[in-house]
Amino acid sequence: MAKHKLEFKKVTTNSLLEMKEHSQKISMLTSYDYSLAKIVDAAGIDVILVGDSASNVMAGHISTLPITLDHMIYHAQSVIKAVERALVVVDLPFGSYQGNSKEALASAIRIMKEAGAHAIKMEGGEEILESVKRILSAGIPVMGHLGLTPQSIFKFGTYAVRAKEEAEAEKLMVDAQLLEEAGCFSIVLEKIPSALAENVSKTLHIPTIGIGAGNATDGQVLVLHDLLGITNEFNPRFLRRYMNLYDDIKSAVGKYIDDVRNIDFPNEQESY
Ligand code: KIV
């Protein structure tokens, strides 16, 4: 693993700002459960995102919309127990903050109080600004999320790259600045042109974390199950698979089934 200039025993929102100041890239991955979060944290990841992608990856839904606040709290509780070093950010799920800022604050408080999260993430810009400010005023750190915001997939109608047109790119830039001015500590930029992501990253003082946004952002995030190759039907251009666990697990399970059927497992050493 590459050595960093700045070392942190415990990563905080301030650490991320410091990393940006020192041009040190931020690594972020999703986790939804105790066992994998423990490995990801031990490997030295900077930020663990308990993403609402758990809706797809863990529950098999076709979008992130069905996952509830109770589900997110359950996943976050499991992850928090495993983590010693990383900053743990938890997604506010669809329907838990779009209604009004009072409801948004109540949802954020539940995540902080019941799961012990370190920060929350919300999708959107100007349209959710009042809620962002209210949550921040309660002392809860907020990470923004712009570009392809999966909770709006039925409005977009497609998972294609966002903000290719000038008007949408300009709105994204304005939204990013509004989120920074409001006090967000970081912003995820999802599936937008690299040049736009670079422009946003250079304009903002807070770090940007990209997914499908090129390498000029201040950090990168991927869904852990995609990186490990556990999911094998999702193949966007931005995804780098570091393993092919789908095939490895399938083959291991196949061998186990054969061993059971052939009365080869358990053997004498594995018996009492
Ligand atoms: O829920 C999630 O996994 C996310 C990342 C893709 C940024 O929001």
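A quick note: this is a predicted structure, and the numbers were derived from the prediction, not measured. (Residues numbered from 1 in each chain as written. Predicted model: local features only at pLDDT ≥ 70, side-chain atom pairs only at ≥ 80, totals over all residues. Heavy atoms only, no water.)

*Asks:* Run through the environment of Leu239, naming residues and quoting values.
*Replies:* With respect to the helices and strands, Leu239 occurs in the loop between α10 (224-227) and α11 (245-261). On the accessibility criterion, Leu239 (13% relative accessible area) is buried. Put simply, Leu239 and Leu17 are 222 residues apart on the chain and 26 Å apart in space, counted from C-alpha to C-alpha. Those residues in contact with Leu239, other than ones at most four positions away along the chain, are Leu222, Asp226, Leu227 and Phe234. (Helix = DSSP H or I, 4+ residues; strand = E, 2+ residues; numbered from the N terminus. Buried < 20%, exposed > 50% of the residue type's maximum accessible area, 1.4 Å probe, protein only. Contact = heavy atoms within 4.5 Å.)

*Asks:* Let's hear about the site of the ligand: which residues, and what values?
*Replies:* Taken together, the neighbourhood of the ligand is formed by Thr30, Leu49, Gly51, Asp52, Ser53, Asp91, Lys121, His145, Val188, Ile211 and Val223. Measuring from an oxygen atom of the ligand, one finds a side-chain N or O atom of Ser53 at 2.5 Å. A distance of 2.9 Å separates an oxygen atom of the ligand from a polar side-chain atom of Lys121. Considering the ligand on its own, with 260 Å² of exposed area, one finds that the protein chains cover 96% of that surface. For the shell around the ligand, the residue count by class is four nonpolar, four polar and three charged. (Near = heavy atom within 4 Å. Polar contact = N/O pair within 3.5 Å; in protein donor to acceptor, adjacent residues only side chain to side chain. Areas by Shrake-Rupley, 256 points an atom, 1.4 Å probe, with all protein chains shown as cover. Nonpolar A, V, L, I, M, F, W, Y, C, P; charged D, E, K, R; others polar.)

*Asks:* Go over the environment of Ser194, please, and point to the residues and values.
*Replies:* With respect to the helices and strands, Ser194 occurs in helix α9 (residues 194-203). For Ser194 and Gly214, which are 20 residues apart along the polypeptide, the C-alpha to C-alpha distance reads 4.5 Å. When neighbours within four sequence positions are excluded, Ser194 is seen to be in contact with Ala213 and Gly214.

*Asks:* So what's going on with the sheet that holds strand β4 (residues 119-121)? Which residues, and what values?
*Replies:* If you trace the eight strands once around the closed barrel, you get β1-β2-β3-β4-β5-β6-β7-β8, paired in parallel fashion. Adjacent strand axes in the sheet meet at a mean angle of 25 degrees, parallel and antiparallel pairs treated alike. Examined bridge by bridge, β4 and strand β5 (residues 142-147) share two bridges and lie parallel to one another. Residue Lys121 lies in a different strand from β5, and its bridge partner there is Met143. Here helix α8 (residues 166-182) sits on the sheet and contacts β5 and β6 (186-190); the angle it forms with β5, its principal contact strand, is near 175 degrees. (Pairing = 2+ DSSP bridges. Axes fitted to C-alpha atoms, helices over the stretch in contact; angles between N-to-C directions.)

*Asks:* I'd love a proper account of the domain arrangement of the protein chain, names of residues and values included.
*Replies:* Segmenting the protein chain into domains produces domain 1 (13-241) and domain 2 (247-272). When each unit is reduced to the centre of its C-alpha atoms, the spacing between domain 1 and domain 2 is 40 Å. (Domains from an automatic or database assignment.)

*Asks:* If you had to explain the pattern of salt bridges to someone new, which residues and values would you point to?
*Replies:* Counting across every chain of the model gives nine salt bridges. For the salt bridge of Arg110 with Glu114, the shortest nitrogen-to-oxygen distance reads 2.7 Å. Of the two residues, Arg110 and Glu114 are both situated in helix α5 (residues 101-115); the distance of four residues between them amounts to about one turn of the helix. On the basis of relative accessible area, Arg110 is assigned to the partly exposed category, the value being 28%. Its salt-bridge partner being Arg162, residue Glu168 comes within 3.0 Å of it at the nearest N-O pair. (Salt bridge = Lys/Arg side-chain N within 4 Å of Asp/Glu carboxyl O.)

*Asks:* Before we move on, could you go through unusual backbone geometry and cite the residues and values that matter?
*Replies:* For the peptide bond that leads from Phe265 to Pro266, omega is -5 degrees, which places it in the cis range. As for its position among the elements, Pro266 is in the segment after α11. Within the chain, Ala163 stands out as a residue other than glycine whose phi angle is a positive 60 degrees. Looking at the element boundaries, Ala163 is found in the loop between α7 (153-156) and α8.

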